[in-house]
Amino acid sequence: MRRSPSAGAPGPGFGLAIGGAAVKEAEKCVACGFCLPACPTFLLSGEEGHSPRGRLALALALAGGKLPLDGEARSYFDACVGCRACEPVCPAGVRYGWVLEAVRAETRGVRAGRAPRGAGRGTPAPLWRFLDTASGLGIRGVLRLLGRPGTLAASTLLLSILSRGLESLGGFPLPRPDPGFLRPLPAFTPARGRKRGTVAFFPGCVGDLWFRRATLSSIELLSLWGFDVLVPRGQGCCGALALHEGYPELARAQASRNARAFLPFLPRVEAVLVDAAGCSAVLREYPHLLGEAGEKLGAAVRDLTDFLDRVGPPEGLARLEGPSPRVAFQDPCHLLHAQGVREAPRRLLALAGARVVEVERSGVCCGAGGTYFLRNPGWAGRLREDKWHALEGSGAEVVVSENPGCLLWLEGGRPKAAPPLLHISVFLRSRLRLA
């Protein structure tokens, strides 16, 4: 990869990280405009530069040295939420996410220019430096360092400080971690009832830290479905945060660690299952990062709801008696757009006795976008308000989702009279049993 030209002056262009594949992706764009109505930042701004089509043209201009690599150019890519809603509607099949990640990697050292009008004031530098460090180590890596004997109080204090900092940026209050978050999950959970096979489970780091109840519910559901569940030791952060923020080298190192943890188990398991949409989307794209080793692991990865739906309910599965609540499923972008999974979670909710209600414009991002709410708290907040308006308008009594980031962000701005939020595994496990 060639060195980027000096900021503020046109140069010979730059390589666009990740093997130059992103340039070929950007060149596929035929400027048809199908992506425009799918893009949340275009809908908010009405500006071509804040559409996928506009950003792809900008990426090619930067790569060819036709425009200066400066803060103004960087600001257009920082304003992108990264939801990938443009990909399934693109007739040319442009993998826009690759281009976004590549440009952010190339412009990582360039100070972003002014945020788009209405986007907000962005992240304070000290907090961003902390998040940069966390993206490299992975959240669990940071907490393990702080969670050694005698330092649990320090980790709790750090989380409290981080929570206050995030909350000041537009309402992202971090809940208290589960008291057992430093304890490892069970390495083996046996199948209940008739055994149907064996699976491996990837709990992630953020999900297991703040959603351990959901993590345990996911493992229990797999056991209920008739599968032995293995949780390989040595796994860590999936690499999504590092990759999306422009640190492909760190993401590759994190992917390599996970490959070493899971590859020995692949001959024994039906699939590697994930209950966090952002993690499963990145794990399935490991071939992009790791080559052959990534192909083996990525091909085995499945979203939890997609897997449970495909194999079908086990013999003797029954729902608990009680009312049938109206439930809305909030589609995580990296489940719906990046993986094409829409109907599976809805069918599982119906299996559990829910009356599934649909949400207007369900494919539009809630605004969390990984760390998008930090770069552009104003736009992120507007997307969240729109999402809650649609969720409340659906008449749902309960809202469920399958991505920790979505759940944390939505909870931070939940109206007082709005329905409660749950991870889908928690809802399903509370309503299903073996007869």
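Now for a quick tour of the structure. Note that this is a predicted model, so its numbers are computed, not measured.

1. Overview of the pairing of strand β7 (residues 326-329)
Okay, step 1: Examined bridge by bridge, β7 and strand β8 (residues 355-357) share 3 bridges and lie parallel to one another. Opposite V327, over in β8, you have V356 as the bridge partner.
Okay, step 2: Bridge count between β7 and strand β9 (residues 398-401): 3 bridges; the pairing is parallel. Within the sheet, the bridge partner assigned to V327 lies in β9 and is V398.

2. Re the sheet that holds β7
Okay, step 1: The 4 strands lie next to each other as β8-β7-β9-β10, forming an open sheet whose pairing is parallel. At either end of the open sheet lies a strand with only one pairing partner, and these are β8 and β10 (421-423). Averaged over all neighbouring strand pairs, the angle between strand axes comes to 40°, with direction disregarded.

3. Describing the environment of L348
Okay, step 1: Within the secondary structure layout, L348 lies in helix α19 (residues 343-351).
Okay, step 2: We classify L348 as buried; its relative accessible area is 4%.
Okay, step 3: Taking the C-alpha atoms as reference points, L348 and L308, 40 residues apart in sequence, are found 8.0 Å from one another.
Okay, step 4: With near-sequence residues (within four places) excluded, L348 lies in contact with W225, T305, L308, D309 and L428.

4. Looking at the sheet that holds strand β3 (residues 227-230)
Okay, step 1: The strand order across the open sheet built from 5 strands is β1-β3-β2-β4-β5, with neighbouring strands paired in mixed fashion. Looking at strand neighbours, the two that pair on one side only are β1 (188-189) and β5 (301-303), the edges of this open sheet.
Okay, step 2: Bridge count for β1 against β3 is 2 bridges, and the pairing is antiparallel. In the sheet register, F188 faces β3, and the bridge partner there is L230.
Okay, step 3: Sheet strands touched by helix α16 (residues 292-300): β4 (272-274) and β5. Its angle to β5, the strand with the most contacts, is close to 30°.
Okay, step 4: Where helix α17 (residues 304-311) meets the sheet, its contacts fall on β2 (197-202), β3, β4 and β5, and the angle it forms with β5 comes to roughly 85°.

Each value, and the rule that gives it
Residues numbered from 1 in each chain as written. Predicted model: local features only at pLDDT ≥ 70, side-chain atom pairs only at ≥ 80, totals over all residues. Heavy atoms only, no water. Pairing = 2+ DSSP bridges. Helix = DSSP H or I, 4+ residues; strand = E, 2+ residues; numbered from the N terminus. Axes fitted to C-alpha atoms, helices over the stretch in contact; angles between N-to-C directions. Buried < 20%, exposed > 50% of the residue type's maximum accessible area, 1.4 Å probe, protein only. Contact = heavy atoms within 4.5 Å.

Note that every value here comes from positions in space, so none of it alone points to a role or purpose.
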